[in-house]
Amino acid sequence: MCGIVGFIGHGNVQEVLVNGLEKLEYRGYDSAGIYVAEEKGKGHLFKEVGRIAALKEIVDFELPATVGVGHTRWATHGAASQQNAHPHQSSSTRFSLVHNGVIENYQQLQAEYLSDVVLSSETDTEIVVALIEYFLVTEGLTTKDAFKRTLEVIEGSYALGLVDVENPTVLYAAKNKSPLLIGRGEGFNVIASDAMATIDVTSEYVEIKDKELITLTQDAVIIENFAGETVERSSYVAEIDASDLDKGAYPFYMLKEVDEQPAVLRRLLQNYQGDDQQFAFEADMMKTLLASDRVYIVACGTSYNAGWIGRSLFEKLAKIPTEVHLASEFAYDLPLLSEKPFFVFLTQSGETADSRQALVKVNELNYPSLTITNVKGSTLSREASFTLLLHAGPEIAVASTKAYTAQITLMAMLADALRAAKGFEASFDMERELSLVASIMESILAEKAEIKAWIDANLMETRNAFYIGRTLDYYVSMEAALKLKEISYIQTEAFAAGELKHGTIALIEEGTPVIALVSEETVGAHTRGNVEEVKARGANTIVISMQDVAREGDTFVIPKVETALSPLVMVVVTQLLAYYTALGRGLDVDKPRNLAKSVTVE
């Protein structure tokens, strides 16, 4: 689900696959594998748990292969094991498949078609490759038609690469809501989740759109829709120079960093996973936190907005009273503190001047503190009692995106660890739900065109906009409003929906965009009532809702996740709203006016 590379034609297939997988390591993964075929009926499968370095140890790079697929996997269906690692094969080993995404109806398909088939893994992917063989055998189809038949019955998100060892002159691919590209070369063609994976062998790429079936040979690329109609599509050149390498094939760092969020989340899970299936944090820090009677989260900007989500997580999961404070105010207006306070400083750079000033005050009072930052060895990291790293990779765009979701994810993991340490029963499996969140993030990111279309029709000319929501949705609205205003220069404000009647509804005029977030059943109906109130006064409304509380007419509906983690997926839509609004207005998305990435002055 995390990374795919495929190659057919002249060249060292194994080398291209493994090198490509190494370039996709940033996505986060727990196992990796490749399958290569050298002639009809003769193929070789290599899979390993852990790092790609371990995979390289077992791959035979001397095999004269002509086609192959490779994959880095982050476990969703089934544990991280060699058995569950990709590529997966049909029971006869004729077909080998790699897959990114989630097949939502795999259990129904197994019951309907594959009740007599013995499976060797716990994955949804094996169901797909087994279906291909099933349709080929039972319906007498060709490989291409069996693949197409399978695509017609599966539901969910997928990027697929398929090799038929009985015909190693062809590589098949398809996608729906998961990223996949075609790369063209002289005497070879490739598929990849990210152009960075194969940029060292080709710079010419072709987009694959949802529900298209791709047939590649060493010299040809055929794109068809499910009706069998051939689609003609021009290639583009990914012009990447030394300064662009960190951006990959993206026009702006911000879009790249938005897309990286699922990988960052998975990397956090990997880095803080303990041996006993619990999240592992420094013992002294946990002991100090458990001895405290109140947590004080101190931050600025986007980190401050993340802090409100953290407050909810600490209080609801770990039952620790928590407050959130602006760093720029905290040092000069210290609140009345509890007897055993613990301070959490959220800062992407670890150099934020206002936060450091507040930390200086905390240190003067000899209270314990934790810095959650993206930069190891930064000032706030050095000066705090404890540090937790976000492992998000460099965030270049001024508008923070992946650091925000990384902060929330890490606080969710920490809150869950505190809950367990205090002996409270879990209401949900945090690790499993966060893995699901990462997958749903990817499905949202696959809907960029739909989001952009709404923006082009509604936000290009407006001067003002409003976000509304209640409880967690209000906290997400705060971040959403900040994103839109800081890169598009639209004056955007966030309001607790219930406060509209207490003054702010006076700002609603004919055509004013009002974006409502609805993810919680307990308050959803109230927020919708507020939507009707502003609509009656001429507002142009958009509703972003969670699937279980969605209603007909909602603009964007997001698959259901655990309510406590809903901000992680709701915010992704709003990040894209901000990005495409700024882009459509011809603005520099990465470097908005008057702003700097790291605020090092008070």
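Here is what the cut-offs are and how they apply
Residues numbered from 1 in each chain as written. Predicted model: local features only at pLDDT ≥ 70, side-chain atom pairs only at ≥ 80, totals over all residues. Heavy atoms only, no water. UniProt positions renumbered as here; feature names shortened; annotations may be inferred. Helix = DSSP H or I, 4+ residues; strand = E, 2+ residues; numbered from the N terminus. Rg over C-alpha atoms; globule rule 2.2 N^0.38 Å. Buried < 20%, exposed > 50% of the residue type's maximum accessible area, 1.4 Å probe, protein only. Contact = heavy atoms within 4.5 Å. Axes fitted to C-alpha atoms, helices over the stretch in contact; angles between N-to-C directions. Parallel < 35°, antiparallel > 145°, perpendicular 65-115°, else oblique. Left-handed = near helix turned anticlockwise from the far one by under 90°. Nonpolar A, V, L, I, M, F, W, Y, C, P; charged D, E, K, R; others polar. Phe/Tyr/Trp six-rings, centres within 6.5 Å; stacked < 30°, edge-to-face > 60°. Lys NZ or Arg CZ within 6 Å of the ring centre and 35° of its normal. Domains from an automatic or database assignment. Buried area = accessible area lost by both parts, 1.4 Å probe. 1 Å grid on protein atoms, 1.4 Å probe; cavity = no way out; pocket = protein on both sides within 12 Å on 5 of 7 lines; lining within 4 Å. Points joined across faces, edges and corners; volume = space filled by probe spheres on them. Salt bridge = Lys/Arg side-chain N within 4 Å of Asp/Glu carboxyl O.

Looking at an unreviewed UniProt entry, one finds the chain named Glutamine--fructose-6-phosphate aminotransferase [isomerizing], with Fundicoccus ignavus as its source organism. Comment text from UniProt for the chain, heading Function (unreviewed entry), reads "Catalyzes the first step in hexosamine metabolism, converting fructose-6P into glucosamine-6P using glutamine as a nitrogen source." The record held by UniProt for the chain lists under Catalytic activity (unreviewed entry) the comment "D-fructose 6-phosphate + L-glutamine = D-glucosamine 6-phosphate + L-glutamate".

For the chain, the helix and strand inventory stands at 18 helices and 25 strands. Taken over C-alpha atoms, the radius of gyration comes to 25 Å for the chain, in line with the 25 Å a tight globule of 602 residues would show. Based on the C-alpha atoms only, the size of the chain along its principal axes is roughly 75 × 55 × 50 Å. For the chain, the proportion of its 602 residues judged to be buried stands at 59%. Considering only intrachain contacts with a sequence separation of at least 6, the fraction spanning at least 24 residues in the chain is 71%.

A few words on the packing of helix 3 (residues 106-113) against helix 4 (residues 125-138). Where helix 3 contacts helix 4, the two axes come as close as 10 Å, and the packing angle between them is 30°. In terms of axis orientation, helix 3 runs roughly parallel to helix 4. Remark: the crossing between helix 3 and helix 4 carries left-handed chirality. Where helix 3 approaches helix 4, its residues Tyr 106, Leu 109, Gln 110 and Tyr 113 are matched on the opposing element by Ile 127, Leu 131, Tyr 134 and Phe 135. Taken together, the residues that form the contact of helix 3 with helix 4 break down as 7 nonpolar, 1 polar and no charged.

This model, assessed by the stated rule, comprises 17 aromatic pairs. With a centroid separation of 6.3 Å and an interplanar angle of 40°, the aromatic rings of Tyr 205 and Tyr 236 are classed as tilted. Here Tyr 236 lies in strand 15 (residues 236-237) and Tyr 205 lies in strand 11 (residues 204-207), a separation of 31 residues in the sequence. According to the relative accessible area criterion, Tyr 236 is partly exposed, its value standing at 33%. Considering the side-chain rings of Tyr 272 and Phe 281, the 5.2 Å spacing of their centres and the 25° angle between planes classify their relative orientation as stacked. In this pair, the class of Tyr 272 matches that of Phe 281, namely buried. Here the aromatic cluster, defined as three or more aromatic residues joined through ring pairs, consists of Tyr 296, Phe 330, Phe 343 and Tyr 367. Here the guanidinium or amino end of Arg 149 rests over the ring plane of Phe 135, the centre of that ring lying 4.3 Å away. Geometry around Tyr 489 places Arg 593 over its ring, the cationic atom sitting 3.8 Å from the centre.

When its domains are assigned, the chain resolves into domain 1 (3-240), domain 2 (244-427) and domain 3 (445-590). Placing the centre of domain 2 and that of domain 3 at their C-alpha centroids yields a distance of 26 Å. Taken together, the contact between domain 2 and domain 3 spans 29 residues of the former and 26 residues of the latter. Across the interface of domain 2 and domain 3, roughly 2200 Å² is buried in total on both sides, 68% from carbon and sulfur atoms.

Running from N to C, helix 13 (residues 402-421) and helix 18 (residues 566-584) cross one another at 175°; their axes reach a closest spacing of 11 Å. Regarding the angle of helix 13 to helix 18, the classification is roughly antiparallel. Here Tyr 404, Thr 405, Ile 408 and Thr 409 of helix 13 come into contact with helix 18, specifically with Leu 568, Val 571 and Gln 575. Split by residue class, the contact of helix 13 with helix 18 holds 4 nonpolar, 3 polar and no charged.

Before going further, it helps to examine empty space enclosed by the protein. On inspection of all chains with the given rule, the structure shows 1 cavity of 30 Å³ or more. Here the largest cavity defines a volume of roughly 70 Å³. Lining of the largest cavity is provided by 11 residues; of these, Arg 73, Thr 76, His 86, Asp 124 and Thr 125 occupy positions nearest its centre. Taken together, the residues of the lining of the largest cavity break down into 2 nonpolar, 7 polar and 2 charged.

Per the UniProt record, the feature "domain: SIS" (unreviewed entry) sits at residues 285-424 and 455-592. Annotated as residues 455-592, this span is 40% helix and 20% strand, and its ends, taken at the C-alpha atoms, are 19 Å apart.

Here we take up the pattern of salt bridges. Opposite charge on two side chains permits pairing when their charged atoms draw close. Enumeration over the complete set of coordinates arrives at 24 salt bridges. The partner of Lys 144 in a salt bridge is Glu 224, with the nearest N and O atoms 2.4 Å apart. Pair noted here: Lys 144 is in helix 5 (residues 143-153) and Glu 224 is in strand 13 (residues 221-225), with a separation of 80 residues, a long-range link. With a shortest N-O distance of 2.8 Å, Glu 479 and Lys 483 are connected by a salt bridge. In this pair, Glu 479 and Lys 483 both sit in helix 16 (residues 472-488), 4 residues apart, roughly one turn of the helix. Of the two residues, Glu 479 and Lys 483, both sit in the buried class. When salt bridges that share partners are traced, they join Lys 256, Glu 260 and Lys 402 into one network.

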